[in-house]
Amino acid sequence: MSMPLPDPMILPSRRSCPFDPPEEYARLRAERPMSRLRLPGGRIGWLVTRYEDVRAALADPRTSPPLIQVTPATELPLPETELEVPPGVFSALDPPEQSRYRRLVSRYFTRKRCREIAPRLEQIIDEQLTAMIDHGSPADLVQWFSQPIPTRVITEMLGITEQQRPDYQRWILAMLSLDTGPEQLREARDGLYGGLGELVRARRVEPRGDILSDLLHGDTPLKDDEVVGIGALLLIAGLETTANMLGLGAFALLTNPAQAAALRADEGLLDVAIEELLRYLTIVQFGLTRTAREDLEIAGRTVRAGETLIVSLAAANRDPELYTDPDRLDLRREQAPHLAFGHGVHQCLGAQLARVEMKLAFGALLRRLPDLRLAVPPEEVPTAGEDKVFYGVHSLPVAW
Ligand code: HEM
């Protein structure tokens, strides 16, 4: 007989398998799909776990994305940091302000634009794999492959130079690590905003062919601080997410060698396989935070105006109502929609770019290293569980 679930509870975070979300989610989804949740700051909110309810909550125009991101231990940014949305950070705004910015930025991330930049992406991927092969086996795939590829792509799109890149990477990593203390967090934010401020002032005077220049001098020119905010958002949203999908995705492929072999034999399966990896791994592990602006009802429960909802993408993406055998990685799974990129007006703006990066990167990895394997037992791979906003691996020792 199962014990009743405690209510209110704290956000589940302990995993027993590196690829599966915490076990509590399955029981919550089945028995208490809308549960009361004690937020780290002490307030009581809601945890939403069923696919249909998650979609409904994200599509509801009465819910807003606050600037905070709730994790099991903290509400980020920490309470002492100012909570005003910086100009341009449209992920934390509601329409119509959000849509105004989003329209201007989305043109750099369309399917067509991603096709156009594919040759450059292939070149970056090729260079990173060559560097790793030259370094020799064994090597850390995170260091040579999954971290540098998305970092080079997004910094290059923004016009950040190779010399400046390590600083940006460090600031973003610090901002997305849950071990960062308030002092270091402030330093990282100041570094990021200060660096982008300098870059934007330089592009104001002398535009180049990058996104920041374009936003400053395009048909709807934006103010300097708005462009800084957009740059910060693109770096925070586009770098660690894709990096973690590449690292964790490679880990999943290497522990499922028969499926990886099928993919290697027929790269035509890659599109479907990537959607399945996104679903199965759901790296936005603690879900999305929303605030109800008015009273609303989800799954028969009344959410009061002002209450916080934690909308679990990881739980929704394993909902047996939608997927047969949801806890199995099946790279040939018939295309079922997933929520790894969110849903509604804030659905990931960089989804096409992320997909193309993953397709080209996994394709090249399998092609160039046919004997790739883990260099340590799977249980020794250090996963980024409760210490990072996005789930992934800290390193992935591989041999070939
Ligand atoms: C596999 C990699 C990625 C995953 C899993 C991912 C996931 C997500 C999710 C779940 C959201 C919704 C947030 C919310 O509703 O509160 C989101 C939003 C966003 N993503 Fe991604 N993302 C990825 C890659 C990227 C890339 C490469 C970029 C571009 C540089 C990007 C830019 C954005 C932006 C700008 C938003 C905010 C959109 C808005 O609020 O209108 N993402 N992403």
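Scope of this entry: the structure provided in the associated data block. (Residues numbered from 1 in each chain as written. Predicted model: local features only at pLDDT ≥ 70, side-chain atom pairs only at ≥ 80, totals over all residues. Heavy atoms only, no water.)

## Regarding the nonpolar core
Grouped together as the largest cluster of nonpolar side chains are 125 residues, with contacts concentrated most on Phe-109, Leu-192, Leu-196, Leu-235, Phe-362 and Leu-396. The element contributing the most residues to this core is helix α15 (residues 351-368), with 10 residues. Look past the residues within four positions of Leu-196 in its chain and what remains in contact with it is Ile-160, Tyr-168, Leu-212, Val-228, Gly-231, Ala-232 and Leu-235. (Core = buried A, V, L, I, M, F, W, Y, C linked by side-chain atoms within 4.5 Å. Buried < 20%, exposed > 50% of the residue type's maximum accessible area, 1.4 Å probe, protein only. Helix = DSSP H or I, 4+ residues; strand = E, 2+ residues; numbered from the N terminus. Contact = heavy atoms within 4.5 Å.)

## Some words on empty space enclosed by the protein
Within the structure shown, the criterion is met by 5 cavities of 30 Å³ or more. Considered as a void within the structure, the second largest cavity measures approximately 60 Å³ in volume. In this structure, the second largest cavity is lined by Val-272, Glu-275, Glu-276, Arg-279, Arg-333, Glu-334, Gln-335 and Ala-336. (1 Å grid on protein atoms, 1.4 Å probe; cavity = no way out; pocket = protein on both sides within 12 Å on 5 of 7 lines; lining within 4 Å. Points joined across faces, edges and corners; volume = space filled by probe spheres on them.)

## Points about the site of the ligand
Among the 27 residues in the neighbourhood of the ligand, the closest are listed as Gln-98, Arg-102, Arg-290, His-346 and Cys-348. Arg-102 places a polar side-chain atom, nitrogen or oxygen, 2.8 Å from an oxygen atom of the ligand. In the environment of the ligand, a nitrogen atom lies 3.3 Å from a nitrogen or oxygen atom belonging to the backbone of Ala-237. Looking at the shell around the ligand, the elements with two or more residues in it are α3 (97-106), α10 (224-238), α11 (240-254), β7 (288-292) and α15. Broken down by element, the shell around the ligand gets its largest block of residues, 4 residues, from α10. Residue composition of the shell around the ligand, grouped by class: 17 nonpolar, 8 polar and 2 charged. (Near = heavy atom within 4 Å. Polar contact = N/O pair within 3.5 Å; in protein donor to acceptor, adjacent residues only side chain to side chain. Nonpolar A, V, L, I, M, F, W, Y, C, P; charged D, E, K, R; others polar.)

## As for the layout of surface pockets
Looking at the largest pocket, its volume works out to about 360 Å³. Taken together, 13 residues form the lining of the largest pocket, with Arg-111, Asp-271, Gln-352, Arg-355 and Val-356 sitting closest to its centre. Sorting the residues of the lining of the largest pocket by element identifies α4 (111-135), α13 (270-281) and α15 as the ones contributing at least two each. Classifying every residue of the lining of the largest pocket gives 5 nonpolar, 2 polar and 6 charged.

## Considering the sheet that holds strand β14 (residues 397-399)
Taken in spatial order, the 3 strands make up an open sheet running β6-β14-β11, and their pairing is antiparallel. Looking at strand neighbours, the two that pair on one side only are β6 (139-140) and β11 (373-374), the edges of this open sheet. Where β11 and β14 come together, 2 bridges link them in antiparallel fashion. Looking across to β14, one finds that Arg-373 is bridged to Ala-399. (Pairing = 2+ DSSP bridges.)

## A look at the state of the cysteines
Scanning the model with the defined rule gives 0 disulfides in all. The thiol sulfur of Cys-114 is not disulfide-bonded, and the nearest other cysteine sulfur, from Cys-348, lies at 10 Å. (Disulfide = S-S within 2.5 Å.)

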